Amino acid sequence: VTGWLASWEAQYPTARTAYGWSGMMTLPRVMKLKDGKIVQEPAPGFRKLRGEKKTVSAELEDNRVRMQDVCAKHAEICFRAEVSDAESVTLNVMEDGEERVSLRWQEGRLTLDRSSIANNEAGKFVPVISMPVEAHDGQVEMTVFVDNCAVEVFANGQVMSAVAFPEGEKYG
């Protein structure tokens, strides 16, 4: 199954430039029935496309994860955090200067916040979206795909997808 990763009302920056496109398909995903609920996960074919695996240690600074040497434009991040004693944990992606997409887990809810992105089409994008994500055995796990302007987060059989267009050097 794939979906449309765009808002019908928004004029994305790509439509106003030489790119000549606006919107895109989501990552293909598999839907299953598990414990009476429909769950989604990335299509297994993605495993064949992976390049060299890079394990990155993360430092925790004020409950924020700081990962070094991660490609900002194209990444699959398999993220697991011990949250038994944490009020919240934040993972920033697409970070460049003051702009970032923040993924914040707090009290059983995962929030995707792109409010710091300057190129927000004058507020036409909903800047903050969220979904319930319960910790299991004191841990939160998610798989985050970043590809240029797309962020897709898979956690506990759910998915949250968004576009963001940072203006910084790494993205502009």
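Residues numbered from 1 in each chain as written. Predicted model: local features only at pLDDT ≥ 70, side-chain atom pairs only at ≥ 80, totals over all residues. Heavy atoms only, no water.

## Structural notes on the overall build of the protein chain
Right, so step 1: Across its full length, the protein chain holds one helix and twelve strands.
Right, so step 2: When the helices and strands of the protein chain are placed in sequence order, the string is β-β-α-β-β-β-β-β-β-β-β-β-β.
Right, so step 3: Evaluated residue by residue, the protein chain yields a buried proportion of 39% over its 172 residues.
Right, so step 4: Summarising the internal contacts of the protein chain: among those between residues at least 6 apart in sequence, 50% fall at separations of at least 24.
Right, so step 5: Summed over its atoms, the accessible surface of the protein chain is roughly 10500 Å², and 48% of this surface lies on carbon and sulfur atoms. (Helix = DSSP H or I, 4+ residues; strand = E, 2+ residues; numbered from the N terminus. Buried < 20%, exposed > 50% of the residue type's maximum accessible area, 1.4 Å probe, protein only. Contact = heavy atoms within 4.5 Å. Areas by Shrake-Rupley, 256 points an atom, 1.4 Å probe, with all protein chains shown as cover.)

## With respect to the packing of aromatic side chains
Geometrically, a pair of aromatic rings is defined through the distance of the ring centres and the angle of the planes.
Right, so step 1: Inspection of every chain in the model, using the stated rule, returns one aromatic pair.
Right, so step 2: Each ring, one from Phe-145 and one from Phe-154, has its centre 5.9 Å from the other, and the planes form 85 degrees; the classification is edge-to-face. Accessibility assignment for this pair places Phe-145 and Phe-154 in one class, buried. (Phe/Tyr/Trp six-rings, centres within 6.5 Å; stacked < 30°, edge-to-face > 60°.)

## Observations concerning the confidence of the model for the protein chain
Right, so step 1: Confidence along the protein chain averages 81 in pLDDT terms, with 76% of residues attaining 70 or more.
Right, so step 2: For the protein chain, strand 4 (residues 64-67) is the element with the lowest average pLDDT, namely 57, and strand 8 (residues 109-113) is the one with the highest, namely 96. (pLDDT = per-residue confidence, 0-100.)

## Remarks on a nonpolar patch on the surface
Right, so step 1: A contiguous nonpolar surface patch, about 440 Å² in accessible area, is contributed by Val-1, Met-31, Leu-33 and Ile-38.
Right, so step 2: Relative to the elements of secondary structure, Val-1 occurs in the segment before strand 1 (29-34).
Right, so step 3: Given a relative accessible area of 58%, Val-1 falls into the exposed group. (Patch = residues over 30% accessible without salt bridge, like charges linked within 9 Å, V, L, I, M, F, W, Y side chains within 5 Å. Salt bridge = Lys/Arg side-chain N within 4 Å of Asp/Glu carboxyl O.)

## Focus on the sheet that holds strand 11 (residues 150-155)
Right, so step 1: Sheet architecture is open: four strands sit in the order 5-10-11-12, paired in antiparallel fashion. If you trace the sheet from one side to the other, it starts and ends with strand 5 (74-82) and strand 12 (158-163), each paired once. On average, adjacent strands in this sheet sit at an angle of 15 degrees to one another, irrespective of strand direction.
Right, so step 2: Alignment of strand 5 against strand 10 (residues 139-147), held across nine bridges, turns out to be antiparallel. (Pairing = 2+ DSSP bridges. Axes fitted to C-alpha atoms, helices over the stretch in contact; angles between N-to-C directions.)

## Thoughts on the pairing of strand 8
Right, so step 1: Side chains Leu-110 and Leu-112 project from strand 8 onto a buried face, and the interleaved Arg-109, Thr-111 and Asp-113 project onto a face without burial.
Right, so step 2: The pairing of strand 7 (residues 99-106) with strand 8 spans five bridges and is antiparallel. Counterpart to Leu-103 in the pairing with strand 8 is Leu-112.
Right, so step 3: Note: strand 8 against strand 9 (residues 128-132), five bridges, orientation antiparallel. For Leu-110, the partnering residue across the bridge sits in strand 9 and is Met-131.

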